[in-house]
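Chain residues, written in single-letter form:
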Amino acid sequence: SQQGEEDPQALSIQEGENATMNCSYKTSINNLQWYRQNSGRGLVHLILIRSNEREKHSGRLRVTLDTSKKSSSLLITASRAADTASYFCATASAPYGNNRLAFGKGNQVVVIP
Amino acid sequence: DAGVTQSPTHLIKTRGQQVTLRCSPKSGHDTVSWYQQALGQGPQFIFQYYEEEERQRGNFPDRFSGHQFPNYSSELNVNALLLGDSALYLCASSGLTSSDEQYFGPGTRLTVT
């Protein structure tokens, strides 16, 4: 069953603005991960947050995790045209671990130069 | 160091035919997972191979089968193709440790007519 589910949004923002997208899931998780996909190609791993973490940063990315609400958010600050892509959250749960991820439907982000 | 590679890039088949997709994992990886991504959707887990055996399987019919070779490369076979099998097929590799990150290949775009 699909666990990670983003709010199915299509965001269109100006370069330099921040982009925020959300993800909810249904069962207990080991970790939650965010991926980027450009033009229907392969997935690029962005960041992983473990179930005992609440916030994590990586460069211009900030991820939060609220296990009580079973939700996560991804913030991209100071967006660039190159950030135009689809963004997916994916959850890893016991007993499967990272080798069996449950993905959401994705958010399409367009950054206008 | 080559990442995950997949072949072919694109493929067009007719309903009822059979197809084989190939994946070579990232150097040092011994576990391969396959995902199906329909247009506009997130990837769905098909199955995972380790030590030449299927270790986990998602909710896919027996028409989907696979194989892993001693060099860790893998094949995905789909028999009796349906129009609904049209999708991007992604291969991901990792170590078997459940905390290992998965690295995704660029995918094979399968179109069934």
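Residues numbered from 1 in each chain as written. Chains lettered and ligands numbered in written order. Predicted model: local features only at pLDDT ≥ 70, side-chain atom pairs only at ≥ 80, totals over all residues. Heavy atoms only, no water.

1. Notes on the state of the cysteines
Thinking step 1. Scanning the model with the defined rule gives two disulfides over all chains in all.
Thinking step 2. Put simply, Cys23(A) and Cys89(A) are joined by a disulfide, and their sulfur atoms are 2.0 Å apart. Across the S-S bond linking Cys23(A) and Cys89(A), the dihedral sits near 65°, which makes this disulfide right-handed. Highlighted residues: Cys23(A) in strand E3 (residues 19-24) and Cys89(A) in strand E9 (residues 85-92), separated in sequence by 66 residues. Neither residue differs from the other here; Cys23(A) and Cys89(A) are each classed as buried.
Thinking step 3. Bridging Cys23(B) to Cys91(B), the disulfide has an S-S length of 1.8 Å. Disulfide Cys23(B)-Cys91(B): torsion about the S-S bond near -60°, hence left-handed. Here Cys23(B) is found in strand E3 (residues 19-24), whereas its partner Cys91(B) is found in strand E9 (residues 87-94), with 68 residues between them in sequence.
Thinking step 4. Given a relative accessible area of 2%, Cys23(B) falls into the buried group.
Thinking step 5. Residue class for Cys91(B) comes out buried when judged on its relative accessible area of 0%. (Disulfide = S-S within 2.5 Å. Helix = DSSP H or I, 4+ residues; strand = E, 2+ residues; numbered from the N terminus. Buried < 20%, exposed > 50% of the residue type's maximum accessible area, 1.4 Å probe, protein only.)

2. Some thoughts on the packing of aromatic side chains
Thinking step 1. Summed over all chains, the structure comprises eight aromatic pairs over all chains.
Thinking step 2. Seen from their ring centres, Tyr35(A) and Phe104(B) are 5.4 Å apart, and the 85° between their planes marks the pair as edge-to-face. Within this pair, whereas Tyr35(A) is found in strand E4 (residues 31-37), its partner Phe104(B) is found in strand E10 (residues 103-104), the two belonging to separate chains.
Thinking step 3. Ring geometry for Phe60(B) and Phe64(B): centres 5.1 Å apart, planes at 65°, overall edge-to-face.
Thinking step 4. Connected via pairs of aromatic rings, a cluster forms that spans Tyr35(A), Phe103(A), Tyr35(B), Phe45(B) and Phe104(B).
Thinking step 5. Directly above the aromatic system of Tyr103(B) lies the positively charged group of Lys26(B), at a separation of 5.1 Å from the ring centroid. (Phe/Tyr/Trp six-rings, centres within 6.5 Å; stacked < 30°, edge-to-face > 60°. Lys NZ or Arg CZ within 6 Å of the ring centre and 35° of its normal.)

3. Examining the pattern of salt bridges
Thinking step 1. Evaluated as defined, the whole model comprises six salt bridges over all chains.
Thinking step 2. Between Glu55(A) and Arg62(A) there is a salt bridge, with the nearest N and O atoms lying 3.2 Å from each other.
Thinking step 3. Since its relative accessible area comes to 41%, Glu55(A) is described here as partly exposed.
Thinking step 4. In this structure, the salt-bridge partner of Arg55(B) is Glu51(B), at a minimum N-O distance of 3.1 Å.
Thinking step 5. Residue class for Arg55(B) comes out partly exposed when judged on its relative accessible area of 39%. (Salt bridge = Lys/Arg side-chain N within 4 Å of Asp/Glu carboxyl O.)

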